[in-house]
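Residue-level listing of the chains:
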Amino acid sequence: MKTNINYKNIYYPPGGILLWIIIFLELITFGIALIAMVYYGKEEPNIFHNSRLMLNTTYGMVNTIFLLTSGFFMANAINELKVEAIQKSKKYLLITILFAFLFLGLKGIEYTGKINEGLVMGYNTFFTFYWSLTLFHVIHVLVGLVILISVYFGLNKPKTTIEDVEASAAFWHMCDLIWLLLFPVIYLIF
Amino acid sequence: MRSVSIITWIVLLFLTIVSAMFSSVQEKYIIPIIMTLAAFKFIGVAFQFMELKRAHFFWKSFIFIYLVIVITLILAIK
């Protein structure tokens, strides 16, 4: 699959201009929410500090590694697609999907632990932010996963273009970008 | 696999582990370090994995300005 798109053109960023508008809207939404969280953390420093210590930093770190690895294989899947190596691209896409499932599995374990401990949404301000932000992010990951699975099965179809796959990849990487901001603020700095 | 992608991936994993380790240090100066590491990771994913390095200057500057504003506000409020 080759492309003739000139990415240096302002109207054609890799993934498409519409997706980049969505990416910026999402980043701005999460950015404002994180700034609000830090603001409330300043109001209730002890509650935020003690609540942060109730989170498992290792889970957060491993989940970051899962998402980054998933993004790495997604980028490689695109590179292979550009040189028409469709089977290799599918293999990398499958690994991308596998790491997405690992992320969701670990998130599920983390959520189950928090619910069993009674640390649910509304427990305090910190956990209200924790649940709102991470759940909203998980919804994005689920949507991204559905897109990746549909791309995987659509790769052999002649009507699938490199632009379609690049747009899907851009959405998937957006999940990475959001998590890279959520991880330090929620798990590390309070 | 491109060697640039592999190097970027290894650096991103390394920075993730380092920032998680820093979180156990209870010093005020650690927060700017953690957020700076997060900013580097953000740039790494955006420019290498999303190939923003090949995009028009507008998109590169937009994401860079976004990152600077968010990180600066977080550090200023914290």
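See above for the structure.
Everything numeric in this text was worked out from a predicted model, so none of it was measured.

Q: Can you explain the overall build of chain B? Please cite residues and give values.
A: In terms of regular secondary structure, chain B is built from three helices and zero strands. When the helices and strands of chain B are read in sequence order from the N terminus, they spell out α-α-α. For the C-alpha atoms alone, the extent of chain B along its principal axes is close to 40 × 30 × 10 Å. Counting only residues that meet the buried cut, chain B has 46% of its 78 residues in that class. Total accessible area computed for chain B in this model is approximately 3900 Å², and 78% of it derives from carbon and sulfur atoms.

Q: If you had to explain the overall build of chain A to someone new, which residues and values would you point to?
A: In terms of helices and strands, chain A carries six helices and zero strands. Tracing chain A from N to C terminus, the helices and strands come up as α-α-α-α-α-α. When the backbone C-alpha atoms are referred to their principal axes, chain A occupies close to 55 × 35 × 20 Å. Split into buried and exposed, the 190 residues of chain A put 56% on the buried side. Summarising the internal contacts of chain A: among those between residues at least 6 apart in sequence, 80% fall at separations of at least 24. For chain A, the accessible area works out to roughly 7900 Å², and carbon and sulfur atoms hold 68% of it. Computed over 12 positive and 11 negative side-chain charges, the inter-centroid distance for chain A is 7 Å.

Q: Please give an account of the interface of chain B and chain A that cites residues and values.
A: Taken together, the contact between chain B and chain A spans 42 residues of the former and 50 residues of the latter. Three residues, Met1, Met50 and Trp59 of chain B, lead the burial of chain B against chain A; their summed loss comes to 18% of the area buried on that side. One salt bridge connects Lys82 of chain A with Glu51 of chain B, and the closest N-O pair in it is separated by 2.8 Å. For the pair chain B and chain A, the number of links is seven residue pairs in polar contact (both at pLDDT 80 or more). Among the elements of the structure, α1 (3-22), α2 (30-49) and α3 (57-77) of chain B are those that each provide at least two residues to the side of chain B that touches chain A. Per element, the largest residue contribution to the side of chain B that touches chain A is 12 residues, and it comes from α3 of chain B. For the side of chain B that touches chain A, the class distribution of residues is 29 nonpolar, six polar and seven charged.

Q: A description of the environment of Trp179 of chain A should follow, citing residues and the corresponding values.
A: All names here are of chain A. Checked against the element boundaries, Trp179 lands in helix α6 (residues 162-188). Residue classification places Trp179 among the buried residues on the basis of a relative accessible area of 1%. Placed 34 residues apart in sequence, Trp179 and Leu145 show a C-alpha to C-alpha distance of 15 Å. Non-local contacts of Trp179, meaning those with residues more than four positions away in its chain, are made with Gly60, Asn63, Thr64, Leu67, Phe103, Lys107, Thr134, His137, Pro184 and Tyr187. There is a polar contact of 2.9 Å between the side chain of Trp179 and the side chain of Thr64.

Q: How would you sum up a nonpolar patch on the surface? Please name residues and give values.
A: On the surface, a cluster of nonpolar side chains totalling about 340 Å² of accessible area is made up of Met54, Ile115, Val120 and Tyr123 of chain A. Within the secondary structure, Met54 of chain A is located in the loop between α2 (45-53) and α3 (57-82).

Q: A description of the nonpolar core should follow, citing residues and the corresponding values.
A: In terms of nonpolar packing, the biggest core is built from 91 residues, with Ile189 of chain A together with Ile63 of chain B touching the most fellow members. Broken down by secondary-structure element, the contributors of at least two residues to this core are α1 (17-43), α3, α4 (86-116), α5 (125-154) and α6 of chain A together with α1, α2 and α3 of chain B. Here the element with the most residues in this core is α6 of chain A; it accounts for 19 residues. What Ile189 of chain A contacts, discounting residues up to four positions off in sequence, is Val38 and Pro184 of chain A together with Ile31, Ile34, Met35, Ile74 and Lys78 of chain B.

Reading the values: rules and limits
Residues numbered from 1 in each chain as written. Chains lettered and ligands numbered in written order. Predicted model: local features only at pLDDT ≥ 70, side-chain atom pairs only at ≥ 80, totals over all residues. Heavy atoms only, no water. Helix = DSSP H or I, 4+ residues; strand = E, 2+ residues; numbered from the N terminus. Buried < 20%, exposed > 50% of the residue type's maximum accessible area, 1.4 Å probe, protein only. Areas by Shrake-Rupley, 256 points an atom, 1.4 Å probe, with all protein chains shown as cover. Contact = heavy atoms within 4.5 Å. Lys, Arg positive; Asp, Glu negative; His and termini not counted. Charge placed at Lys NZ, Arg CZ, Asp CG, Glu CD. Buried area = accessible area lost by both parts, 1.4 Å probe. Salt bridge = Lys/Arg side-chain N within 4 Å of Asp/Glu carboxyl O. Polar contact = N/O pair within 3.5 Å; in protein donor to acceptor, adjacent residues only side chain to side chain. Nonpolar A, V, L, I, M, F, W, Y, C, P; charged D, E, K, R; others polar. Patch = residues over 30% accessible without salt bridge, like charges linked within 9 Å, V, L, I, M, F, W, Y side chains within 5 Å. Core = buried A, V, L, I, M, F, W, Y, C linked by side-chain atoms within 4.5 Å.

Everything listed here is a matter of coordinates, which is why it stays silent on function.
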